Amino acid sequence: MTSFPAEPSITAEPGVSRARRRLTWARVGRASVPYLLILPVLAAVGTILGYPLYNLVTLSFQRYGLFELIQHSGHWIGTSNYGSILHDSVFWHTLLRTVIFTIANVGLTMVLGTAMALLLVQVSAWLRVALTVGLVLVWSVPAVVAVQIWYWMTNFQNGVLNYVLGAGEHDWYATTFSQLSIVTALIVWAAIPFVTITVYAGLAQVPAELVDAASIDGAGSVRIFRDVTFPILKPILLILTSLSIIWDFGVFTQPYLLIGKEHLNSSNYLMGVYVYIKGYAEADFGRGAAISILMLLIVAILSVFYVRKMVRMEAVE
Amino acid sequence: MKRRKLVAVGFVALAALVFAIAAGGVSGANKAKSITIWLQTDAQAANWAPIVAAANAQFQKDTGATANVQYQSWGTHLQKFDATLAGGNTPDVIEMGNTEMTKYMAAGAFQDLTADKGTFDNSSTWLAGLAASGRYNGHLYGVPYYAGSRVVTYRTDLFKKAGIKVPTSLAQFTTDGQALLKKFGKKGFSPVYIAGTDWYFAMSFVFDYGGSIASRVSGKWKGALDTKKSIAGLTAYKNFFNAVSRASKTTDEAHPNPYDVYAQGLAGSIVGPAWYSCCVGKQYTAVTGQFTVPSHVKGQVMPGFLGGSDLAVPVGANKSLGEAWIRAYTSNASEKALEGIGNIPNTTSLFDNSKINERAAARSWFVPTAKNWVNVENENILRNMLAEILTNKLTVKQAAQAASDNIASILNAS
């Protein structure tokens, strides 16, 4: 518009502005339709996620302990909650422990889950049904019930695990490594069904003729998996991996109940337990909120790699 | 494009405004002629419930209001209480463990009952150790409810068969234990079943040897577990445990309950609250006795943890009705009934030296009365220290030093 010389400059000015206004209103009207359409979704997301998140962020900048809870008003202290957490060695040790724990759990879950799915394809029909039923049963056990069963199994005096292994009275909760290994076993055990069943569904998408062609060309089963099956399964595996990272990084129920309230201390905290102890058990809600925000950021960083890859893959397709 | 963004921002702002309005304005519930009381599940026991019922009836007679008693468990009641403090719907009366009181009194969670102290029965003869846990800065916030001391519950038949008598010193208790082990030492049997991280029992050794957990020096808390006397106590605990207990070194006194181990015939004796005798199993009821834990000094009682509960009226609660209920429940008659089922009553005027738990309470210890003490429990500093000592992960001195530093930093935190 600016490239045109405005010839009758004096008379044209109001006309142009009128046209622009008309144009603008029309544009606003058109533009707002999609927003009106997504308003219900925005409202729902805002209520369920936005408002609590907003509260959490403001809480993390406040001194908000028991005293403030009773007064119903926090005390603004800027970033000092974050400062004290980042200077706390317990936080860094817990973070490192949780990252290692997450890698171990997600790795085991994905490898064992996928292997189980591949097994399902190979076995006879009745065995497949039996395995699937078993998996679904595992899946349907509530976490708290599962913890109790595992606790009994690993009991040092009467546990079936020591009995079967002939380990005498081995104490499975004697060291942090041992405690977290039992927690890992429990979590992987409970997570395998979801991965297996999802990957098994994904395997149905692998065209049989591709596999046949590969095997006629002399490819072994490892080669077939690497070059035929895996590329087709990749999107599913990526989604499962990122979901597993999110679940395992913030896991609370299993470590809290299995290790037990009486045995949780700074040498065996995972992030989920740490934020609970600091925030709720010690009634320091401001600090707890700050830890939660940090956890959110860490999970976001951990998953960004996978999300990026997924988006890129979609773009290629 | 910019304008479109602006519209989007406008909608988001509008949405935020709607939620902000919706979130405001929560009104308090009307609690007219009924009050809510939180007691611990202990009071649901068959022999305890009638005492609560009698107090409720008395309360109804006195005030015309009804009492709605809700039972809570020790592990979760504070988190639930925090939620009611945030929501403004606190119970009218709450039972608090004596170690839990200080933090809440310091934060202003309870109403000041100082002016009405005289209206509670026996308030001039309240058990000093317990009453202290309900006072903060000279004000009364918690009415003492009952106390409990720790004693040894033992199998009289096994002691008889092994030819041993009730020990009068720690050394004798140790040799007695070894005699039991020799005679009945089948797989998994403990002469004295002690959960490795039972810090209530372990700290008794510390206090018996003249040590302590922490002390207040010129306005600041100083850890005291690393002192010579405390280390002597912890070492004695380690030696005693190794000599007579085959329990897990890392477990606690609720996993499993010592009386369950006893009821399975896997313990010659157990150490814990006097009420453990309730649950020793039918087959052993007739052959079960109790004695006080012997000190390392012959003839003395080992100082035991004085556990107990207070009753408090939270902020926002109906103070006059809350107080009336506490008055009914801690009345002389009610306390007498509580004593009858094995508790230590809240008043020395009812004391009876023939009762073992009251004899055991003659020497007792208590946790540091610091507002952050409960965080030392939350972070399991003492339990972790004991596990490290018993599993030889650290020496007694190293573990005590680390725990002591940790405790000081927690207690001194703002």
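Since we're looking at a predicted model, the values are computed, not measured. (Residues numbered from 1 in each chain as written. Chains lettered and ligands numbered in written order. Predicted model: local features only at pLDDT ≥ 70, side-chain atom pairs only at ≥ 80, totals over all residues.)

1. Notes on the domain arrangement of chain B
Residues and elements named next belong to chain B.
Step number 1: In terms of domain boundaries, chain B breaks down into domain 1 (35-149 + 307-365) and domain 2 (160-306 + 369-412).
Step number 2: Every contact between the two is made by 22 residues of domain 1 and, on the other side, 19 residues of domain 2.
Step number 3: Elements with a contribution of two residues or more to the side of domain 1 that touches domain 2: α4 (101-107), α5 (128-132), β6 (142-148), β13 (307-312), α13 (356-360) and β14 (364-365).
Step number 4: Sorting elements by how many residues they give to the side of domain 1 that touches domain 2 places α13 first, with four residues.
Step number 5: The residue makeup of the side of domain 1 that touches domain 2, split by class, is eight nonpolar, 10 polar and four charged. (Domains from an automatic or database assignment. Contact = placed C-beta atoms within 7 Å. Helix = DSSP H or I, 4+ residues; strand = E, 2+ residues; numbered from the N terminus. Nonpolar A, V, L, I, M, F, W, Y, C, P; charged D, E, K, R; others polar.)

2. Focus: unusual backbone geometry
Step number 1: Residue P256(B) is bonded to the preceding H255(B) through a cis peptide linkage, with omega at -5°.
Step number 2: The backbone phi angle of H72(A) is positive, close to 60°, even though this residue is not glycine.
Step number 3: If you trace the backbone, H72(A) turns up in the loop between α2 (66-71) and β2 (75-76).
Step number 4: Assessed through the 10 C-beta atoms surrounding it within 10 Å, H72(A) is described here as exposed.
Step number 5: Of note, the phi angle at S218(B) is positive, near 40°, even though the residue is not glycine. (Buried ≥ 20, exposed ≤ 12 C-beta atoms within 10 Å, placed from the backbone.)

3. Focus on the pairing of strand β7 (residues 150-155) of chain B
Residue and element names in this part refer to chain B.
Step number 1: Of all six residues that make up β7, six are buried, and the element is covered over most of its length.
Step number 2: Going residue by residue along β7, you find R150, V152 and Y154 tucked away on one face and V151, T153 and R155 tucked away on the opposite face as well.
Step number 3: Here five bridges tie β7 to strand β10 (residues 269-273), and the two strands are oriented antiparallel to one another. Residue Y154 lies in a different strand from β10, and its bridge partner there is S269.
Step number 4: As defined by bridge partners, β7 adjoins strand β11 (residues 288-291) across four bridges and the pair is classed as antiparallel. (Pairing = 2+ DSSP bridges.)

4. Quick word on the packing of helix α7 (residues 170-184) of chain B against helix α9 (residues 228-244) of chain B
Residues and elements named next belong to chain B.
Step number 1: In the contact formed by α7 and α9, the axes pass within 9 Å of each other and the chain directions differ by 20°. By the angle class used here, α7 and α9 are roughly parallel. Crossing hand, α7 versus α9: left-handed. Along its contact with α7, which presents L170, T174, G177 and Q178, the element α9 presents F240, A243 and V244. (Axes fitted to C-alpha atoms, helices over the stretch in contact; angles between N-to-C directions. Parallel < 35°, antiparallel > 145°, perpendicular 65-115°, else oblique. Left-handed = near helix turned anticlockwise from the far one by under 90°.)

5. Observations concerning the interface of chain B and chain A
Step number 1: On the side of chain A, 32 residues touch chain B, which itself brings 35 residues to the contact.
Step number 2: The biggest single contributor to the side of chain B that touches chain A is helix α1 (residues 2-23) of chain B, with nine residues.

6. A word on the domain arrangement of chain A
Residues and elements named next belong to chain A.
Step number 1: Under the domain assignment, chain A is made up of domain 1 (9-60) and domain 2 (80-316).
Step number 2: Between the C-alpha centres of domain 1 and domain 2 there is a distance of 42 Å.
Step number 3: Contacts between the two partners involve four residues from domain 1, matched on the other side by seven residues from domain 2.
Step number 4: Residues that form the side of domain 1 that touches domain 2 fall into these classes: three nonpolar, one polar and no charged.

7. Details of the confidence of the model for chain B
Residue and element names in this part refer to chain B.
Step number 1: In the predicted model, chain B carries a mean pLDDT of 87, and the fraction of residues at 70 or more is 92%.
Step number 2: Looking over chain B, one finds the lowest element-wise mean pLDDT in α1, namely 47, and the highest in strand β3 (residues 93-97), namely 96.
Step number 3: Confidence drops under a pLDDT of 50 for residues 16-31, and excluding neighbours within four residues, the segment shows nine contacts in the predicted structure.
Step number 4: Model confidence for the complex is summarised by a pTM of 0.78, with the ipTM given as 0.74. (pLDDT = per-residue confidence, 0-100.)

8. Thoughts on the sheet that holds β11(B)
Residue and element names in this part refer to chain B.
Step number 1: With antiparallel pairing, three strands are arranged side by side in an open sheet as β10-β7-β11. For this open sheet the edge positions go to β10 and β11, each flanked by a neighbour on one side alone. On average, adjacent strands in this sheet sit at an angle of 30° to one another, irrespective of strand direction.

9. A look at helix α8 (residues 199-208) of chain B
Given 3.6 residues per turn, any residue in an α-helix points the same way as the ones three and four places further on.
Residue and element names in this part refer to chain B.
Step number 1: Extensive coverage of α8 is indicated by the burial of nine of its 10 residues.
Step number 2: Burial in α8 covers these residues: W199, F201, A202, M203, S204, F205, V206, F207 and D208.
Step number 3: The inward-facing, buried residues of α8 abut β7, α9, β10, β12 (304-305), β14 and α15 (381-390).
Step number 4: Directly beyond the C-terminal end of α8, a positive phi value near 85° is found at G210.

10. Considerations on helix α3 (residues 77-87) of chain B
Residue and element names in this part refer to chain B.
Step number 1: Listed in full, the buried residues belonging to α3 are H77, L78, F81 and L85. Take α3 and look down its axis: the buried residues cluster within an arc of 95°, on one side only.
Step number 2: After α3 finishes, the residue G88 shows a positive phi value of roughly 70°. (Arc of directions from axis to C-beta.)

11. Here we look at the packing of α8(B) against α9(B)
Residue and element names in this part refer to chain B.
Step number 1: Close contact between α8 and α9 brings their axes to 7 Å; oriented N to C, the two are set at 135°. By the angle between their directions, the pair α8 and α9 is classed as oblique. The way α8 lies across α9 gives a crossing that is right-handed. Residues A202, F205, V206 and D208 of α8 form the contact with α9, whose own contacting residues are S230, G233, L234, A236 and Y237.

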